[in-house]
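Each chain is listed here by its residues.
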Amino acid sequence: MLELAPVRIAAIVLVGLCAPAYAEDKSSEQDKVDTENLFGFTEGTDTGKKGEQEVILDTIGRFSKRRAGPGGSSYTTFQPLLSYQYDPTDNFTIEPGLFFDTHDARNVAGVPDKSFGTFNGGSLELKYQFQKRTNDSPFSFAVQAEPFYERVQPIEGQGADIFNMDTRLIADARLIPDKLWAGVNLIYDPSVARLRGSGEVDRSSTLSVSGTLMMRITDKLFFGPEARYMRAYDGAFLNRFEGHAVFLGPVLNYQVEDKGFLTLAYSTQVFGHDRDPDFTDHAFDLTHFARHNLRIRFGASF
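Definitions and limits used
Residues numbered from 1 in each chain as written. Predicted model: local features only at pLDDT ≥ 70, side-chain atom pairs only at ≥ 80, totals over all residues. Heavy atoms only, no water. Pairing = 2+ DSSP bridges. Helix = DSSP H or I, 4+ residues; strand = E, 2+ residues; numbered from the N terminus. Salt bridge = Lys/Arg side-chain N within 4 Å of Asp/Glu carboxyl O. Buried < 20%, exposed > 50% of the residue type's maximum accessible area, 1.4 Å probe, protein only.

1. Remarks on the pairing of strand β3 (residues 92-106)
Pairing geometry for strand β2 (residues 74-86) and β3, over nine bridges, is antiparallel. Residue pairing across strands places T77 opposite H103, the latter belonging to β3. Counted between consecutive antiparallel strands, the loop separating β2 from β3 contains five residues. Sheet topology places β3 next to strand β4 (residues 114-131); 14 bridges connect them, and they run antiparallel. Note that in β4 the partner of E95 across the bridge is E125.

Below is the structure:
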């Protein structure tokens, strides 16, 4: 019995040394849920693993604006973006893309009657993630910049040469392990457009805050609410305030096997104010924003 004592002591010491190391490894484990495409109009912080690639079809639809006069009125636009994402490192993504545009407007205030579909331009999204979520640190932060060129004004549908720079500060967090995630974006989007024909230059910008909560319903299904507050300005540097709007709606995300996803997001304008003297007494800002928005995003990585 005495001869076994050293063996028992050695075993106890070995277990004692291994246990803290195991706990440390567990505490530094990364969150297994990828928030990059989890939310709706709010972007997530996550980037892919080094060398990972992804193809994404991201379509935003906007519906319903202020009627110009008596009779029926309709306003529908869809802007699909087909993009390819590559991750040169674990924290940095590059995503070039091509825009398309379908536009149908009839009897809408400030918008010419038009119906067409066309190729609309290109974009280059760059994102860097400063910190990844772990068991010890459930918060993550990233910055994203997306310069893009468009050939058609997004609201009026008129031909133009448009340069935008969608810039975002992104944060998200795992609030309850394997159950609940939250995301927040602060967005600054300046735009300079030169109208074809007249050569007139239009400068504008928006400043927005969006936030969402996503709860895991099943292993592959997530659902939650999303809110956005958007402010429109004349001038590329938030020069003169012109109107604002609040949007609310649901988000649904479904994980397709291990490499794919489908995200559906709908939001409606529940409050707004337009500083145009002709519309100051109206409940919404339908000059700068549509009444309803829909986003459908599908992608697969490889």
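Now that the structure is up, let's keep going.
2. As for the pattern of salt bridges
With the rule as written, the count across this model stands at ten salt bridges. Measuring nitrogen to oxygen at the nearest pair gives 3.3 Å for the salt bridge that ties E43 to R295. Of this pair, E43 sits in the loop between α1 (5-27) and β1 (53-63) while R295 sits in strand β12 (residues 292-301), placing them 252 residues apart in sequence. The residue R133 makes a salt bridge to D172 at a minimum N-O spacing of 2.9 Å. Taken together, the positions of R133 in the loop between β4 and β5 (139-152) and D172 in strand β6 (residues 159-176) put the pair 39 residues apart, joining distant regions of the chain. The burial state of R133 is the same as that of D172; both residues are buried. Three or more residues are tied together by salt bridges with common partners; here these are D31, D46, R133, D172 and R174.

By themselves, these figures tell us nothing about what the structure is for.
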